[in-house]
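Letter by letter, the chains look like this.
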Amino acid sequence: MTSATFPNGKTTEFLFSEEDTGADLQVRVATPRPNDSALLDEYSRAVVSAVERVAPAVVNVEIKQPVNGRGGPREIGGSGSGFIITPDGFILTNSHVVHKASVISVNLPDGPEYPAQLIGDDPDTDLAVIRIDGPPLAHVRLADSESLRVGQLVIAIGNPLGFQASVTAGVVSALGRSMRSQSGRLIDNIIQTDAALNPGNSGGPLVNSAGEVIGVNTAMIRPAQGICFAIASNTAKFVAGWLIKDGRIRRSYIGVAGQNVPIHRRIIRFYNLPGETGVLVVSVEKESPAKKAGLRDGDVIVALNDTPIGTIHELHKMLMAEQIGVRSQITIIRHTERLMLPITPAESPTR
């Protein structure tokens, strides 16, 4: 250790090597900050790679819809987005894009336009399947939306305002939201994102960084900035399968809005529950089977007819046509008490 005195009288000490005081001066250098441009490149590469995988399967959907105006019946035009889910031309889009359309046409990314046939329409989940006849087509893979995390990178691809294959990126802002479809039914397990959506984005895919579809873009809140919604891919897979098979979904319902929640470990151990999650009842519809059965806000559904229920998706899978009018038993946790209530699901009204 040595020191030097400056003219102002202040002394500064310098640290040399302990082994050789004649060694080079050891200078303490601040740890360099990460290269911002390199980080941006990684982000850009993730977005570009995902878009390259998915964009060839994203289509523009044009429709004509009959309306009755003051001057008599006429047709109005509309448009939205969709994406190809099978190589033989099945396309997933929003119900509100094609509902009651008299003419549907699809424009592929590389230019050709095809007439499309409506295969099935489900206003209750705002999903629809249409089909075009053509050569084998590029298609997407629907991922497991249950594995999503808040803060995860997502990319929205669509045709906003007629600009084909427009891309916006953001993050998952929240999971487990509920919103009402145009039919009035609550859609559960909605993904909230800040990836910008505009008119025409409806029906387009919400994609993760691996180029897998994790949601179907469906709505935005116009006065707000960065609040947009997508239907989870697990819901989309389930609905699309039935629409392709039967053309419609005949389902039962119990009349609750819910969201996935973890169950306290003490309750799991005490009742020997098979799962760690359940469906929290957020609201109960008036005159619904759930209301008649005695369900309340704050109850957590854990089973239906002895089949464990851990997520909203699992509850929806149980509430199909075969449950309509069948007396069943629903198991709930109310505070710390386990209750088993008789319930008879009713048929969900067709709209």
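Residues numbered from 1 in each chain as written. Predicted model: local features only at pLDDT ≥ 70, side-chain atom pairs only at ≥ 80, totals over all residues. Heavy atoms only, no water.

S.K.: Explain the overall build of the protein chain to me, please; I cannot follow it from the model alone.
M.R.: When helices and strands are counted, the protein chain shows 6 helices and 23 strands. Counting the 351 residues in the protein chain, one finds 46% classified as buried. Across the protein chain, contacts joining residues at least 24 apart in sequence account for 59% of those joining residues at least 6 apart. Element-wise, carbon and sulfur atoms account for 51% of the exposed surface of the protein chain, whose accessible area totals about 18,700 Å². (Helix = DSSP H or I, 4+ residues; strand = E, 2+ residues; numbered from the N terminus. Buried < 20%, exposed > 50% of the residue type's maximum accessible area, 1.4 Å probe, protein only. Contact = heavy atoms within 4.5 Å. Areas by Shrake-Rupley, 256 points an atom, 1.4 Å probe, with all protein chains shown as cover.)

S.K.: How should the environment of Lys291 be read in this particular structure?
M.R.: By the element assignment, Lys291 lies in helix α5 (residues 289-293). Taking the C-alpha atoms as reference points, Lys291 and Gly255, separated by 36 residues in sequence, lie 7.6 Å from one another. Apart from the residues lying within four places of it in its own chain, the contact partners of Lys291 are Val284 and Glu285.

S.K.: Looking at this model, I keep getting lost on the pattern of salt bridges. Mind explaining?
M.R.: By the definition in use, this model includes 9 salt bridges. Here Arg251 and Asp124 are joined by a salt bridge, their closest N and O atoms 3.6 Å apart. Residue Arg251 is located in the loop between α3 (233-246) and β16 (252-253), and its partner Asp124 is located in the loop between β8 (117-122) and β9 (127-131); the two are separated by 127 residues in the primary sequence. By relative accessible area, which is 5% here, Asp124 ends up buried. The residue Glu276 makes a salt bridge to Arg265 at a minimum N-O spacing of 4.0 Å. With Glu276 in the loop between α4 (265-271) and β18 (277-284) and Arg265 in helix α4, this pair connects stretches of sequence that are 11 residues apart. Overlapping salt bridges, with partners in common, bring together Asp122, Asp124 and Arg251 in one network. (Salt bridge = Lys/Arg side-chain N within 4 Å of Asp/Glu carboxyl O.)

S.K.: Before we go on, may I ask you to explain the sheet that holds β8 in this structure?
M.R.: The 7 strands are arranged β7-β6-β3-β4-β5-β9-β8 in an open sheet whose pairing can be described as antiparallel. Where the open sheet ends on each side, the last strands, each with one partner, are β7 (113-115) and β8. Strand-to-strand, the axes of this sheet are offset by a mean angle of 30°, without reference to chain direction. Both strand β4 (residues 72-84) and strand β5 (residues 90-93) contribute to a ladder of 3 bridges, which runs antiparallel. Within β5, the residue paired with Gly82 across the bridge is Thr93. Where α3 meets the sheet, it contacts β5, β8 and β9, and its direction lies at approximately 50° from that of β9. (Pairing = 2+ DSSP bridges. Axes fitted to C-alpha atoms, helices over the stretch in contact; angles between N-to-C directions.)

S.K.: Please clarify how the side chain of Gln192 should be interpreted in this entry.
M.R.: You can see Gln192 is positioned in strand β12 (residues 186-193). Classification of Gln192 as buried rests on a relative accessible area of 12%. A polar atom in the side chain of Gln192 sits 2.8 Å from the side chain of Arg177. The residues touching Gln192, leaving out its near neighbours within four places in the chain, are Val171, Val172, Ser173, Ala174, Arg177, Ile227, Cys228 and Phe229. (Polar contact = N/O pair within 3.5 Å; in protein donor to acceptor, adjacent residues only side chain to side chain.)

S.K.: How should I be thinking about the confidence of the model for the protein chain in this particular structure?
M.R.: One rule of thumb: low pLDDT means the predicted coordinates there are not for detailed reading. Considering every residue of the protein chain, the mean pLDDT works out to 84; 84% of them sit at 70 or more. Mean pLDDT values over the elements of the protein chain span from 40, in strand β2 (residues 11-14), up to 97, in strand β22 (residues 337-343). Taken as a whole, residues 2-7 scores under 50 in pLDDT and shows 14 contacts with residues more than four places along the chain or in a different chain. Across residues 9-29, confidence stays below pLDDT 50; counting only partners more than four residues off in sequence or on other chains, it has 26 contacts. (pLDDT = per-residue confidence, 0-100.)

S.K.: Sorry if this is basic, but what is going on with the environment of Ala321 here?
M.R.: Within the secondary structure, Ala321 is located in the loop between α6 (312-318) and β21 (328-334). Each C-alpha atom of the pair Ala321 and Tyr253 lies 9.4 Å from the other, and the pair is 68 residues apart in sequence. Among residues more than four places away in sequence, those in contact with Ala321 are Arg250 and Arg251.

S.K.: Explain the pairing of β8 here, please?
M.R.: Where a strand is regular, its side chains alternate between the two sheet faces. The sheet contact formed by β8 and β9 spans 5 bridges and is antiparallel. Its bridge partner being in β9, Asp121 is matched across the sheet by Ala128. Between β8 and β9, which pair antiparallel in sequence order, lie 4 residues; one of them, Asp126, sits at a positive phi of approximately 55°.

S.K.: Explain α3 to me, please; I cannot follow it from the model alone.
M.R.: Note: α-helices contain 3.6 residues per turn, so residues at a spacing of three or four share the same orientation. Compared with the 20 Å implied by 1.5 Å per residue over 14 residues, the 20 Å span of α3 between its first and last C-alpha is a close match. On its buried side, α3 packs onto β5, β8, β9, β14 (213-220), β15 (228-232) and α6. Positive phi shows up at Gly247, right after α3, with a value of about 85°. (Expected span 1.5 Å × (residues − 1).)

S.K.: Looking at this structure, how should I read the side chain of Ser202?
M.R.: For Ser202, the location among the structural elements is in the loop between β12 and β13 (205-207). Of note is the side chain of Ser202, whose polar atom sits 3.2 Å from the side chain of His96. Among residues more than four places away in sequence, those in contact with Ser202 are Gly80, Ser81, Thr93, Asn94, His96, Val97, Asn217 and Thr218.

S.K.: I tried to follow unusual backbone geometry on my own but got confused; where do I start?
M.R.: Negative phi is the rule for most residues except glycine; trans is the rule for most peptide bonds. Phi is positive for Asn272, close to 55°, though the residue is something other than glycine. Structurally, the position occupied by Asn272 is in the loop between α4 and β18.

S.K.: In this structure, what is going on with the pairing of strand β10 (residues 153-158)? I would like to understand it.
M.R.: Of all the 6 residues making up β10, 6 are buried; the element is thus mostly covered by neighbouring parts of the structure. Bridge analysis of β10 against strand β11 (residues 166-180) gives 6 bridges, and the strand direction is antiparallel. The residue bridging Ile155 from the neighbouring strand is Ala169, located in β11. Direction of pairing for β10 relative to β13: antiparallel, over a ladder of 2 bridges. Counted as the bridge partner of Ile155 is Val207 from β13.

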